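What the coordinates show
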Amino acid sequence: MQKPILNTRLLAAGLIISSALGGCATTAKNGETSPNDPLESWNRGAQSFNDDVDDVILKPMAKGYLWITSDAVDEGVSNFFSNLNDIGVTVNDLLQFKMLQAGMDASRFLVNTTAGVVGVFDVAKHIDLPKHDEDFGQTLGYWGVPSGPYLVLPFAGASSPRDAVGLLGDALLSPLTYAFLLSGGMVNVVSMASSAVDVADTRAGLMSTEKMIDEAAVDRYEFIKNSYQQHREFLVNDGNVPIQEADGFDIDKEVSALEDADSAAPATAGANAAEVSAVKAAPDNAVQITPITDRAPVVTHTLKLEDPKQGRSPKAVPVTKHFLDLSAPEE
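Since this is a predicted model, take the numbers as computed values, not measurements. (Residues numbered from 1 in each chain as written. Predicted model: local features only at pLDDT ≥ 70, side-chain atom pairs only at ≥ 80, totals over all residues. Heavy atoms only, no water.)

**Some remarks on the packing of helix α9 (residues 207-216) against helix α10 (residues 220-236)**
Note the threshold: Every axis corresponds to a line fitted to the C-alpha atoms, with the helix fit spanning only the stretch in contact, and the corresponding angles, defined between N-to-C directions, vary from 0 to 180 degrees. A run of H or I in DSSP counts as a helix once it spans at least four residues, and a run of E counts as a strand once it spans at least two, with each numbered from the N terminus. Here the angle decides the label: under 35 degrees means roughly parallel, over 145 means roughly antiparallel, 65 to 115 means roughly perpendicular, and every other value means oblique. Should the near helix be turned anticlockwise from the far one by less than a right angle, the crossing is left-handed, and should it be turned clockwise, the crossing is right-handed. The contact definition used throughout considers only heavy atoms, calling two residues in contact when any of these lie within 4.5 Å. Under the convention adopted here, Pro, Cys and the residues Ala, Val, Leu, Ile, Met, Phe, Trp and Tyr are nonpolar, Asp, Glu, Lys and Arg are charged, and Gly plus all remaining residues are polar.
The N-to-C vectors of α9 and α10 enclose an angle of 125°; their axes lie 9 Å apart at closest approach. It follows that α9 is oblique to α10 by the angle criterion. In the packing of α9 onto α10, the handedness of the crossing is right-handed. For the pair formed by α9 and α10, the contact residues are M212, I213 and D214 on the first element and R220, F223 and I224 on the second. Looking at the contact of α9 with α10 residue by residue, the classes come out as 4 nonpolar, no polar and 2 charged.

Rendered as structure tokens:
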């Protein structure tokens with residue numbers, strides 16, 4: 001499961017200091033607030049704050065963690081915290097009535113806690129018990145709670161009002177939270193130290209992702225926002241997200257509408273005759289765009305096909321297809 005950059009217990013501290021960011025929040029890049037991102041000014045300021053914290057504290061800590069740990073130790077630490085996370089995953093499975101998956105995740109936790117030495121070794125993956133990704137934010141989405149506008153939280157990073165509440169729910173399902181709140185002395189020290197290791201391990205795992213974002217993104221804020229929203233939508237719907245283009249454009253519906261309009265066109269015969277005439281009049285390898293009323297644009301292309309082995313003379317093959325038709329041309 002993808003974890004936030006910092007442990008969810010820092011969310012409370014982030015909300016306390018959030019008022020300080022109001023004065024330093026930058027305006028939207030285009031100077032106006034987008035209806036789809038009403039909190040953009042706040043979000044950019046919060047992201048800038050998080051980037052500063054990351055540059056000064058988290059990134060150096062992650063680099064030091066990678067320097068002192070081997071690959072085997074790094075994997076063991078990641079497995080340990082992933083195993084603890086399976087407790088919350090199992091509870092959210094039950095809240096979403098995914099009973100079969102809940103049984104698998106509960107079994108995964110038991111197997112890794114015992115045979116995997118408190119989760120250091122991921123034994124469950126070798127017996128067909130894969131890792132699932134469920135959290136309280138997804139559970140709220142399952143029950144119809146809207147995500148709300150995109151929201152960047154101090155320390156916690158990319159989120160939404162629904163997922164911010166989900167972070168608190170996930171914190172309540174974490175054993176480390178109760179170890180910190182209900183214990184004292186050395187137990188608190190160990191709990192805080194384990195949280196620091198969790199943060200360092202998580203941040204170390206994001207090194208390659210950060211490099212990709214910095215190199216690929218024209219606007220880093222928009223890249224992170226779009227990636228986060230699409231990823232969360234994918235998780236909430238268990239991958240069953242309708243494939244649509246920007247601004248709600250559904251290509252399947254548009255293609256279907258074009259096909260219906262094409263079959264019902266009254267001047268089809270005359271249009272086809274015009275296409276054939278255009279093909280005959282066109283020279284070899286010529287490309288023409290023939291406008292036809294109430295139809296999709298038609299591309300007329302004459303190809304030369306020659307078999308060098310047989311020494312045959314080239315022949316012209318007309319290729320007349322709608323711009324959305326990808327089928328092979330007929331000879």
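Next comes the rest of the account.
**Quick word on the environment of Y150**
Basically, it comes down to this: Buried, partly exposed and exposed residues are distinguished by accessible area as a fraction of the type maximum, computed with a 1.4 Å probe on protein chains only: under 20%, between the cut-offs, and over 50%, respectively.
Relative to the elements of secondary structure, Y150 occurs in the loop between α5 (136-142) and β1 (151-153). Judged by relative accessible area, Y150 falls into the buried class, the value being 2%. The spacing of Y150 and K225 is 75 residues in sequence and 7.2 Å in space, taken between C-alpha atoms.

**Focus: the packing of helix α2 (residues 40-68) against α10**
Running from amino to carboxyl end, α2 crosses α10 at an angle of 100°, the nearest separation of the two axes being 11 Å. For the element pair α2 / α10, the angle class is roughly perpendicular. Between α2, through E40, N43, R44, Q47 and D51, and α10, the contact on the second element is made entirely by R220, Y221, E222 and I224.

**Examining the packing of aromatic side chains**
Cut-off, in case you're wondering: The aromatic pairing rule takes the rings of Phe, Tyr and Trp, using the six-membered ring of Trp, and pairs them if the centres are within 6.5 Å, calling planes under 30 degrees apart stacked, those over 60 edge-to-face and the rest tilted.
Tallied over the entire structure, the rule returns 6 aromatic pairs. Ring centres 5.8 Å apart and planes at 70° place the aromatic pair F97 and W143 in the edge-to-face group. Highlighted residues: F97 in the loop between α3 (71-95) and α4 (99-114) and W143 in the loop between α5 and β1, separated in sequence by 46 residues. The pair F97 / W143 is uniform in exposure class, with both members exposed. Between Y150 and Y228, the ring centres sit 6.2 Å apart and the planes meet at 55°, which makes this aromatic pair tilted. Here Y150 is found in the loop between α5 and β1, whereas its partner Y228 is found in helix α10, with 78 residues between them in sequence. Among the aromatic residues, those joined into a cluster by ring pairs are F97, Y142 and W143.

**Describing the pattern of salt bridges**
Quick reminder of the rule: Just to be clear on terms, a salt bridge is a Lys or Arg side-chain nitrogen sitting within 4 Å of an Asp or Glu carboxyl oxygen.
Going through the model one piece at a time under the given rule, you end up with 15 salt bridges. When the shortest N-O distance is used, the salt bridge between D51 and R220 registers 3.1 Å. A residue pair is termed long-range when its members are at least 10 positions apart, and D51 in helix α2 and R220 in helix α10 qualify at 169 residues. Under the relative-accessibility criterion, R220 is labelled partly exposed at 28%. Among the salt bridges present, the one from R162 reaches D163, with a minimum N-O distance of 3.9 Å. For the residue pair R162 and D163, the accessibility class agrees, reading buried in each case. Within the structure, one salt-bridge network assembled from shared partners comprises D86, R108, D122 and K131.

**Some words on unusual backbone geometry**
A positive phi angle, near 60°, is found at F97, a position not held by glycine. Residue F97 is classed as exposed on the basis of its relative accessible area, which comes to 52%. Non-glycine residue D128 carries a positive phi angle of around 60°. If you trace the backbone, D128 turns up in the loop between α4 and α5.

**Quick look at α10**
Keep this limit in mind: In this analysis, the expected span of each helix is defined as 1.5 Å times one less than the number of residues it contains. For this quantity, the arc is that covered by the directions from the helix axis to the C-beta atoms. By the criterion applied in these results, polar contacts are pairs of N or O atoms within 3.5 Å in which, for protein atoms, one can donate a hydrogen and the other can accept it, and in which residues neighboring in sequence qualify only through two side-chain atoms.
Over its 17 residues, α10 extends 24 Å from the first C-alpha to the last, a length consistent with the 24 Å expected when each residue adds 1.5 Å. Among all positions in α10, only Y221, I224, K225, Y228, R232, L235 and V236 are buried. Summarising the axial view, the buried residues of α10 lie within an arc of 110°, below the 170-degree limit, and thus occupy one face. One side-chain oxygen of the residue at the start of α10 lies 3.2 Å from the amide nitrogen of Y221, identifying that residue as D219. D238, located one to two residues past α10, shows a positive phi value of around 55°.

**Overview of the nonpolar core**
Here is the rule we go by: Residues belong to a common nonpolar core when they are buried Ala, Val, Leu, Ile, Met, Phe, Trp, Tyr or Cys residues joined through side-chain atoms within 4.5 Å.
Counting 9 residues, the largest nonpolar core consists of A62, Y65, V77, F81, L84, L176, A200, A204 and M207. Secondary-structure elements contributing two or more residues to this core are α2, α3 and α8 (186-205). Take this core: its biggest share by element is 3 residues, from α3.

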